[in-house]
Amino acid sequence: MQRLIPTLRNDQVDEALISVLNSLSICAKEISFRVGQGDLAGVLGSTLDENIQGETQKKLDVLSNQLLKDILLESTHVRAVASEEEDGIVTGAAEGQYLVAFDPLDGSSNIDINSMVGTIFSILPTPADNSGDASMFLQPGRQQVAAGYILYGPRTMLVFTTGRGVKMFTLDQTVGEFLLTDADVQIPLDTEEFAINMSNHRHWRPEMRRYIDDLLLGKDGPRGKNFNMRWIAAMVADVHRVLCRGGLFTYPWDGRSHSKPYKLRLLYEGNPMALLVEQAGGIAHTGQEAILDIQPDDIHQRISVILGSKNEVAACLNYLEGSQ
Ligand code: AHG
Ligand code: MN
Ligand code: MN
Ligand code: MN
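Computed from a prediction, not measured in an experiment: that's the story for all the values here. (Residues numbered from 1 in each chain as written. Chains lettered and ligands numbered in written order. Predicted model: local features only at pLDDT ≥ 70, side-chain atom pairs only at ≥ 80, totals over all residues.)

Observations concerning the site of ligand 1
For step 1, the next point in the chain: Taken together, 13 residues lie around ligand 1, and D106, S108, N197, A233 and M235 are the ones closest in.
For step 2, the next point in the chain: Tallied by class, residues from the shell around ligand 1 come to four nonpolar, four polar and five charged.
For step 3, the next point in the chain: Inspection of the shell around ligand 1 shows a minimum of three residues originating in each of domain 1 (2-184) and domain 2 (193-322). (Near = placed C-beta within 6 Å. Nonpolar A, V, L, I, M, F, W, Y, C, P; charged D, E, K, R; others polar. Domains from an automatic or database assignment.)

Dropping the structure here:
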């Protein structure tokens, strides 16, 4: 099985980008080890702090964020990082060609119950003006030069794209290396599986309620087939399942709080997952536009997400007809 760096060289990926991806793979091994230690290393539970998102930070959110910052900012290729857990950006090498945005630990509510979590990353080019402030990150997701995630599950996996399809690597603990286990991930066009937090049903727009209600009617309803539901409560794990066997994943607009009608973040969750899904033959949309076409106006911007198998996302978009 092929190792990470030879695979990237084979794909003629730029050496500076290989170096950044290698830094991320080092973070992956370190975070994977800490997640695996849990109580043995005293890393479970919450801190007393709240992040910019208004969430109480878990100890592992803070630890993973610090590790990623320390390792990435050591690189001469990284101009700045932006994180779900940081108020503003943190700058590094003045001449670094790349910006890295990340969700250090996705699925925080799974940490203490020993369930799946992950790290999501997005790599953008440093813009020509190299202003050194947060505006450098305000680029549509189509500009990403690479994006992916590390999944800490029964197996630790590194999944990413550099714009030539999606590859999956599995961490071989015996040699401490990521080995290529799927060279060309393709999402099936059709599916009978969907993922949504059903407890928010009453808060969705009527169009989204109608779409889900029709899925629940199964074979005798307008969709004419039975659907199954899965919800891991970690986008990284739900999207991983979609990449492996298809499905539709959504965290749509909901009216619980009008100041925060969306849950998922564009830079740290939406854009990287959207690039992976499009590269694997799926669709990633807000209900109004392709996620990758959004011009961000804030690094912590949130959006509605509907992604997965091409034909099923198209069916969902038909119900929404432009609302989100
Ligand atoms: P994070 O742990 O990085 O804050 O993100 C959690 C997100 C996402 O991973 C997941 O799909 C969603 O929150 C789960 O939301 P619910 O708790 O509403 O199910
Ligand atoms: Mn969070
Ligand atoms: Mn997250
Ligand atoms: Mn997170």
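Thoughts on the sheet that holds strand β6 (residues 117-125)
For step 1, the next point in the chain: The eight strands are arranged β4-β3-β5-β6-β7-β8-β9-β10 in an open sheet whose pairing can be described as mixed. Edge strands, defined here as strands with exactly one partner in the open sheet, are β4 (90-91) and β10 (177-182).
For step 2, the next point in the chain: As paired strands, strand β8 (residues 156-161) and strand β9 (residues 166-172) are joined by five bridges and run antiparallel to one another. Along β9, the bridge assignment pairs F160 with K167.
For step 3, the next point in the chain: Relative to the sheet, helix α6 (residues 266-279) contacts β3 (78-83), β5 (98-106), β6, β7 (146-152), β8 and β9, its axis offset from that of β6 by approximately 85 degrees. (Pairing = 2+ DSSP bridges. Helix = DSSP H or I, 4+ residues; strand = E, 2+ residues; numbered from the N terminus. Contact = placed C-beta atoms within 7 Å. Axes fitted to C-alpha atoms, helices over the stretch in contact; angles between N-to-C directions.)

Brief notes about the UniProt feature "binding site: substrate" (unreviewed entry) in the chain
For step 1, the next point in the chain: Under the UniProt annotation, "binding site: substrate" (unreviewed entry) lies at D106, G107, S108, S109, N197 and K263.
For step 2, the next point in the chain: With respect to the helices and strands, the residue S109 is situated in the loop between β5 and β6.
For step 3, the next point in the chain: Position of K263 relative to the elements: it lies in the loop between β13 (248-251) and β14 (264-265).
For step 4, the next point in the chain: Its 19 C-beta neighbours within 10 Å are what place K263 among the partly exposed residues.
For step 5, the next point in the chain: Leave out the neighbours within four places in its chain, and K263 touches Y251 and R302. (UniProt positions renumbered as here; feature names shortened; annotations may be inferred. Buried ≥ 20, exposed ≤ 12 C-beta atoms within 10 Å, placed from the backbone.)

A short note on α6
For step 1, the next point in the chain: Across the 14 residues that make up α6, a large majority, 14, are buried.
For step 2, the next point in the chain: Positive backbone phi, at 90 degrees, marks G281, one or two positions downstream of α6.

Here we look at the nonpolar core
For step 1, the next point in the chain: Core analysis: the biggest nonpolar cluster contains 88 residues, and V100, V159 and L307 have the highest contact counts within it.
For step 2, the next point in the chain: It is α6 that provides the largest number of residues to this core, a total of eight residues.
For step 3, the next point in the chain: For this core, the two domains that each supply at least three residues are domain 1 (2-184) and domain 2 (193-322). (Core = buried A, V, L, I, M, F, W, Y, C linked by C-beta atoms within 7 Å.)

Comments concerning the UniProt feature "domain: Fructose-1-6-bisphosphatase class 1 C-terminal" (unreviewed entry) in the chain
For step 1, the next point in the chain: Mapped onto this structure's residue numbering, the UniProt feature "domain: Fructose-1-6-bisphosphatase class 1 C-terminal" (unreviewed entry) falls at residues 187-320.
For step 2, the next point in the chain: The annotated region residues 187-320 carries 36% helix and 15% strand content, and the separation between its end C-alpha atoms amounts to 22 Å.

Quick look at the sheet that holds strand β11 (residues 193-195)
For step 1, the next point in the chain: Ordered by their spatial adjacency, five strands build an open sheet running β12-β11-β13-β17-β15, and the pairing between neighbours is mixed. Because the sheet does not close on itself, it has two edges, and the strands there are β12 (228-229) and β15 (283-285).
For step 2, the next point in the chain: Judged from the three bridges that link them, β15 and strand β17 (residues 305-308) form a sheet pairing that is antiparallel. The partner of I283 across the bridge, within β17, is G308.

A few points about the domain arrangement of the chain
For step 1, the next point in the chain: Once the domains are mapped, the chain shows domain 1 (2-184) and domain 2 (193-322).
For step 2, the next point in the chain: The distance between the C-alpha centroids of domain 1 and domain 2 comes to 23 Å.
For step 3, the next point in the chain: Each side of the interface is counted separately: domain 1 has 34 residues, and domain 2 has 29 residues.
For step 4, the next point in the chain: Sorting the residues of the side of domain 1 that touches domain 2 by element identifies β5, β6, β7 and β8 as the ones contributing at least two each.
For step 5, the next point in the chain: Top element by residues in the side of domain 1 that touches domain 2 is β6. It accounts for five residues.
For step 6, the next point in the chain: Grouping the amino acids of the side of domain 1 that touches domain 2 by side-chain chemistry returns 18 nonpolar, twelve polar and four charged.

What to know about the pairing of β6
For step 1, the next point in the chain: Burial within β6 is extensive, with eight of its nine residues counted as buried.
For step 2, the next point in the chain: By the bridge criterion, seven bridges tie β5 to β6 in an arrangement that is antiparallel. Following the sheet pairing, F102 is matched in β6 by F121.
For step 3, the next point in the chain: In the sheet, β6 pairs with β7 via seven bridges, with the strands oriented antiparallel. Across the sheet, residue V117 finds its bridge partner in β7, namely Y152.

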